[in-house]
Structures are given as structure tokens and as C-alpha cells.
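# Analysis of the macromolecular model
Given next are the chains, with one letter for each unit.
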Amino acid sequence: MLLIWNRPGFTEGLTGEDRTALFGEVDEIMKELTETGELIGGQALANPSQTQTVRLANGQPEVVDGPFMESKEQFAGYLAVDCDSPQRAAEIAARWPDVRFGGAMEVRPIMDEAGTEM
């Protein structure tokens, strides 16, 4: 699983040309992963302002607005890929354009049904 972390609204600070180039890079990567059969799925997430978080407060689950994390990056979406190796997954993540603009890609194996990875 490639977890996409970026700074909310970072594309608003780009020129129209830079935005077009960035989304073009994403399209190229997605096309490649589709053609190689490595892409399982993926989805972008809505703006963090539409998020709710459930946390334990006074021994009870409490729903609050927003993720309110202590980092500049927010979880923005994911790609599920089926690669030959963890190195290949990291190679794909390294090419993701958000990384150049202060974001990050987390590469994490998906647990199989046996759950032996825990």
C-alpha cells in the first residue's frame, strides 16, 4: 500500500502550468501501473476539513471535527499495488510528484488474511 501524505492546498500555490505538469506525472504513473498490472486500486480523499476523528475521551469514544494532527502533512489518498518486491513499491513511491512539494509516500505491506505480519 502506498499512502499519500501531502500539505493540504499545496497545489493552489502552483502555477497553472506546474499544476498541469504535476497531474500529468500522476496520470503517467497510473497509466504505467495499469499497463504493468501492478495497480490494484487507489483513491484520493476529500479535504481534511470534511474529516471527523474518533478518540477516547473520559473513557468514552468522542467524535471531533478534523484530523488535527501535529504534522504539516495530511493523509490524502492511497494506491494499492501488487509489486514483485518492496524495493519496486518504494521506487514507485519515489516518483510520486507530491513528494517534491513537501509531501511523503508511506510504503506499507498489506497484511494477509492470516495476519502473521502483526
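From a predicted model like this one, the values you see are computed outputs, not experimental measurements. (Residues numbered from 1 in each chain as written. Predicted model: local features only at pLDDT ≥ 70, side-chain atom pairs only at ≥ 80, totals over all residues. Heavy atoms only, no water.)

This part takes up the pattern of salt bridges. Enumeration over the complete set of coordinates arrives at seven salt bridges. Linking Arg100 and Glu25 is a salt bridge whose minimum nitrogen-to-oxygen distance equals 2.7 Å. Taken together, the positions of Arg100 in the loop between helix H2 (86-95) and strand E6 (104-107) and Glu25 in helix H1 (residues 16-36) put the pair 75 residues apart, joining distant regions of the chain. With a relative accessible area of 52%, Arg100 lands in the exposed category. A single network of salt bridges, built from pairs that share partners, joins Glu32, Glu38, Arg88, Glu91 and Arg95. (Salt bridge = Lys/Arg side-chain N within 4 Å of Asp/Glu carboxyl O. Helix = DSSP H or I, 4+ residues; strand = E, 2+ residues; numbered from the N terminus. Buried < 20%, exposed > 50% of the residue type's maximum accessible area, 1.4 Å probe, protein only.)

Moving on: the side chain of Asp98. Among the secondary structure elements, Asp98 is positioned in the loop between H2 and E6. Arg100 provides the closest opposite charge to the buried, unpaired Asp98, separated from it by 8.1 Å. The contact partners of Asp98, leaving out residues within four places of it in the chain, are Ile4, Asn6, Phe10, Leu22 and Gly103. (Lys, Arg positive; Asp, Glu negative; His and termini not counted. Contact = heavy atoms within 4.5 Å.)

Looking now at the environment of Ala46. Tracing the chain through its elements places Ala46 in the loop between strand E2 (39-44) and strand E3 (52-57). Placed 31 residues apart in sequence, Ala46 and Gly77 show a C-alpha to C-alpha distance of 8.6 Å.

By the secondary structure assignment, Glu38 is in the loop between H1 and E2. Residue Glu38 is classed as buried on the basis of its relative accessible area of 9%.

Another aspect to go through is H2. All of the buried residues in H2 are Arg88, Ala89, Ile92 and Ala93. Down the axis, H2 shows its buried residues gathered within 140° of arc, on one side only. Facing away from the buried side of H2, by more than 90 degrees, are the exposed residues Pro86, Gln87 and Ala94. Where H2 is buried, its residues meet strand E1 (2-6), H1 and E6. (Arc of directions from axis to C-beta.)

Across its 21 residues, H1 extends 30 Å between first and last C-alpha, which sits within 8% of the 30 Å expected from 1.5 Å per residue. Within H1, burial applies to Leu22, Val26, Ile29 and Leu33. The buried residues of H1 occupy an angular sector of 60° when the element is viewed end-on, so they sit on one face. Opposite the buried face of H1, by more than 90 degrees, sit the exposed residues Glu17, Thr20, Asp27, Glu28, Lys31, Thr34 and Glu35. If you follow the buried residues of H1, they end up packed against E2, strand E5 (74-81) and H2. Positive phi shows up at Gly37, right after H1, with a value of about 80°. (Expected span 1.5 Å × (residues − 1).)

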